[in-house]
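The residues making up each chain are set out below.
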Amino acid sequence: MTATHEPLSKERRAELRERYLKVDTANVADVMDELGHFDYGLASSFWPIRESQNKMAGWAYTIRGQMTPYPGTGDPEKMKAVAGLQDGQISVWSGGGASGVCFFGELIARGMQHRGCVGSLIDGGIRDIEWIAGMNFPVFTQYRSPVQSIGRWQVNAWQVPVYLPGATAERVTVRPDDFILADFDGAIVIPQELAETVLERAEELTRKEVAIREDLDRGLSLPEVLEKYGHV
């Protein structure tokens, strides 16, 4: 899908992110279906590193890497990549099928957070979970591992389109500045050009659900509610 929309201002991006934090992935997924975009949910294997973490919402900043043996004591490309993060962005890590190694730990997470990064979505592993869990820095990842990536896995590009495992499709494309929303139900990608439309409809659906709950609490039966509001 090719973006044709005008770039959003920093203030507008921040406003939309705050509003997305008040809607659920389930409602966003329903809206995406209604709009005819069926394969933007991410695989259920992405899990939050702590059960009590809040929603994660932000604009995708993509980082891509792959398993490859290399000499040295660091990954300078990884450092360059994370240095570009800005306010309201989520670092989205495409692992290239990596397994068994972590992509980052507490110190890099702190550095990203100080740059304004509001979470990470990782098609790979993470370590220092106990420390990161205390940082109010949401992370959804594929697995945990104490084994570092240095010498094993290396960043090879950033701010390029990447693939992540999907829920209803093998792969979901995530482009820089697509929107990421994740909560207890899972994670979903909203194409950047649909971000405003999807949010407005998700907010309408959220208000509808609030009214339905109130009617049920007042004693209306489920058939009565369905007759009044239709499918929910």
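What counts, and where the lines are drawn
- Residues numbered from 1 in each chain as written.
- Predicted model: local features only at pLDDT ≥ 70, side-chain atom pairs only at ≥ 80, totals over all residues.
- Heavy atoms only, no water.
- UniProt positions renumbered as here; feature names shortened; annotations may be inferred.
- Helix = DSSP H or I, 4+ residues; strand = E, 2+ residues; numbered from the N terminus.
- Buried < 20%, exposed > 50% of the residue type's maximum accessible area, 1.4 Å probe, protein only.
- Polar contact = N/O pair within 3.5 Å; in protein donor to acceptor, adjacent residues only side chain to side chain.
- Contact = heavy atoms within 4.5 Å.
- Phe/Tyr/Trp six-rings, centres within 6.5 Å; stacked < 30°, edge-to-face > 60°.
- Arc of directions from axis to C-beta.

- The protein goes by Regulator of RNase E activity RraA in an unreviewed UniProt entry, where it is assigned to Deinococcus humi.
- Annotation of the protein in UniProt includes, under Cofactor (unreviewed entry), the sentence "Mg(2+)".

With respect to the side chain of Asp-178
Thinking step 1. In this structure, Asp-178 sits in the loop between strand 9 (171-174) and strand 10 (179-183).
Thinking step 2. We classify Asp-178 as buried; its relative accessible area is 1%.
Thinking step 3. A polar contact of 3.0 Å, which involves the side chain of Asp-178, links it to the backbone nitrogen of Gln-192.
Thinking step 4. Setting aside chain neighbours within four positions, we find Asp-178 in contact with Gly-58, Trp-59, Ala-60, Thr-173, Val-189, Ile-190, Pro-191 and Gln-192.

A closer look at the UniProt feature "binding site: Mg(2+)" (unreviewed entry) in the protein
Thinking step 1. UniProt records the feature "binding site: Mg(2+)" (unreviewed entry) for Asp-128 in the present numbering.
Thinking step 2. Looking at the element boundaries, Asp-128 is found in the loop between strand 5 (120-126) and helix 5 (129-133).
Thinking step 3. Here Asp-128 falls in the partly exposed class, since its relative accessible area comes to 33%.
Thinking step 4. A distance of 2.9 Å separates the side chain of Asp-128 from the backbone nitrogen of Glu-106, its partner in a polar contact.

Describing the packing of aromatic side chains
Thinking step 1. If you walk through the whole model with that rule in mind, you get six aromatic pairs.
Thinking step 2. A centroid spacing of 4.2 Å and a plane angle of 20° characterise the contact between Tyr-20 and Phe-179, whose relative ring orientation is stacked. With Tyr-20 in helix 1 (residues 10-20) and Phe-179 in strand 10, this pair connects stretches of sequence that are 159 residues apart.
Thinking step 3. Judged by relative accessible area, which is 0%, Tyr-20 ranks as buried.
Thinking step 4. With relative accessibility at 0%, the residue Phe-179 sits in the buried group.
Thinking step 5. Measuring from centroid to centroid gives 3.9 Å for Phe-103 and Trp-153, while their planes differ by 15°, and the two rings are stacked. Placement of the pair is Phe-103 in strand 4 (residues 102-104) and Trp-153 in strand 7 (residues 153-158), with a sequence separation of 50 residues.

Examining unusual backbone geometry
Thinking step 1. Not every positive phi belongs to a glycine, and Asn-136 is a case in point at roughly 55°.
Thinking step 2. As for its placement among the helices and strands, Asn-136 is situated in the loop between helix 5 and strand 6 (139-144).

Here we look at helix 4 (residues 106-114)
Thinking step 1. Taken together, the buried positions of helix 4 are Glu-106, Ile-108, Ala-109 and Met-112. End-on, the buried residues of helix 4 take up no more than an arc of 165°, which puts them together on one face. Turned more than 90 degrees off the buried face of helix 4, the exposed positions are Leu-107 and His-114.
Thinking step 2. At its buried positions, helix 4 is contacted by helix 3 (76-82), strand 3 (89-94), strand 4, strand 5 and helix 5.
Thinking step 3. Gly-116 sits one or two residues past helix 4 and shows a positive phi near 105°.

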